[in-house]
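Structural features, examined
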Amino acid sequence: MYLPPDAQDRLFDNITELSAPGSRLATEYHPDTGSTMAQRAQEFNQRWATLGCDIDLSGLFYDGERSNVVEYLTGRGWQVGTRPRRELFTDYGRVLPDGDMSQLGDIVAVTATL
């Protein structure tokens, strides 16, 4: 979500091309892309504004239909594993906040080995 969709694919293509067998990669997958990302940015902006911060995060997110990173990497020979962020937090003894931050629980941690 932090790169335009075509740049995301080029980045993973370049990483694959430059990686030796056994290389490892970690990233996140946000299943709710597109207009929900712009909406999420606006919600973050509003939340920060109520705290007295004048921050506009909307420039960090790129809309558009993007490749599913798990399928994309698998198709390029990576062995891919995923874990929901909530599970990852639990494994490290952390609690994912409820309320305004709960949508972050939908994010999936992705690890891959070539």
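Scroll up to find the structure.
In this report, the structure presented in the accompanying data block is examined. (Residues numbered from 1 in each chain as written. Predicted model: local features only at pLDDT ≥ 70, side-chain atom pairs only at ≥ 80, totals over all residues. Heavy atoms only, no water.)

Along its length, the chain carries 4 helices and 3 strands. In the chain, the succession of α and β elements from N to C terminus is α-β-α-α-β-α-β. In the chain, of all internal contacts separated by at least 6 residues, the share reaching a separation of at least 24 is 76%. When the accessible surface of the chain is split by element, carbon and sulfur atoms take 53% of a total near 7,200 Å². (Helix = DSSP H or I, 4+ residues; strand = E, 2+ residues; numbered from the N terminus. Contact = heavy atoms within 4.5 Å. Areas by Shrake-Rupley, 256 points an atom, 1.4 Å probe, with all protein chains shown as cover.)

In this section: the sheet that holds strand β2 (residues 79-84). Ordered in space as β1-β3-β2, the 3 strands form an open sheet in which the pairing is antiparallel. Looking at strand neighbours, the two that pair on one side only are β1 (24-29) and β2, the edges of this open sheet. On average, each strand axis in the sheet is inclined to that of its neighbour by 20°, with strand direction left out of account. Bridge count between β1 and strand β3 (residues 108-113): 6 bridges; the pairing is antiparallel. Among the inter-strand pairings, A26 is bridged to a residue of β3, identified as T111. (Pairing = 2+ DSSP bridges. Axes fitted to C-alpha atoms, helices over the stretch in contact; angles between N-to-C directions.)

What follows deals with the nonpolar core. Across soluble globular proteins, you tend to see nonpolar side chains buried next to one another. One finds F12, L25, Y29, V69, Y72, L73, W78, V108, V110 and A112 forming the largest nonpolar core, which totals 10 residues. Of all the secondary structure elements, the ones that give two or more residues to this core are β1, α3 (69-74) and β3. What A112 contacts, discounting residues up to four positions off in sequence, is S23, R24, L25, L73, W78, Q79 and V80. Within the second largest apolar cluster, 5 residues are counted, among which are M1, F44, L57 and F61. (Core = buried A, V, L, I, M, F, W, Y, C linked by side-chain atoms within 4.5 Å. Buried < 20%, exposed > 50% of the residue type's maximum accessible area, 1.4 Å probe, protein only.)

Turning our attention to the layout of surface pockets. Roughly 260 Å³ of volume is contained in the largest pocket. Residue assignment for the lining of the largest pocket shows that the elements contributing at least two residues are α1 (5-18) and β1. Of the residues in the lining of the largest pocket, the class split is 7 nonpolar, 5 polar and 2 charged. (1 Å grid on protein atoms, 1.4 Å probe; cavity = no way out; pocket = protein on both sides within 12 Å on 5 of 7 lines; lining within 4 Å. Points joined across faces, edges and corners; volume = space filled by probe spheres on them. Nonpolar A, V, L, I, M, F, W, Y, C, P; charged D, E, K, R; others polar.)

Positionally, Q8 belongs in helix α1. Since its relative accessible area comes to 11%, Q8 is described here as buried. Within the local environment of Q8, its side chain forms a polar contact with the side chain of R66, the two groups lying 3.0 Å apart. Not counting residues within four places of it along the chain, the set of residues in contact with Q8 comprises L3, R66 and S67. (Polar contact = N/O pair within 3.5 Å; in protein donor to acceptor, adjacent residues only side chain to side chain.)

A few words on the environment of V108. Tracing the backbone shows V108 in strand β3. Using a relative accessible area of 18% as the deciding quantity, one classes V108 as buried. Placed 20 residues apart in sequence, V108 and L88 show a C-alpha to C-alpha distance of 9.0 Å. Other than its neighbours up to four places away in sequence, V108 contacts T27, E28, Y29, T82, R83 and P84.

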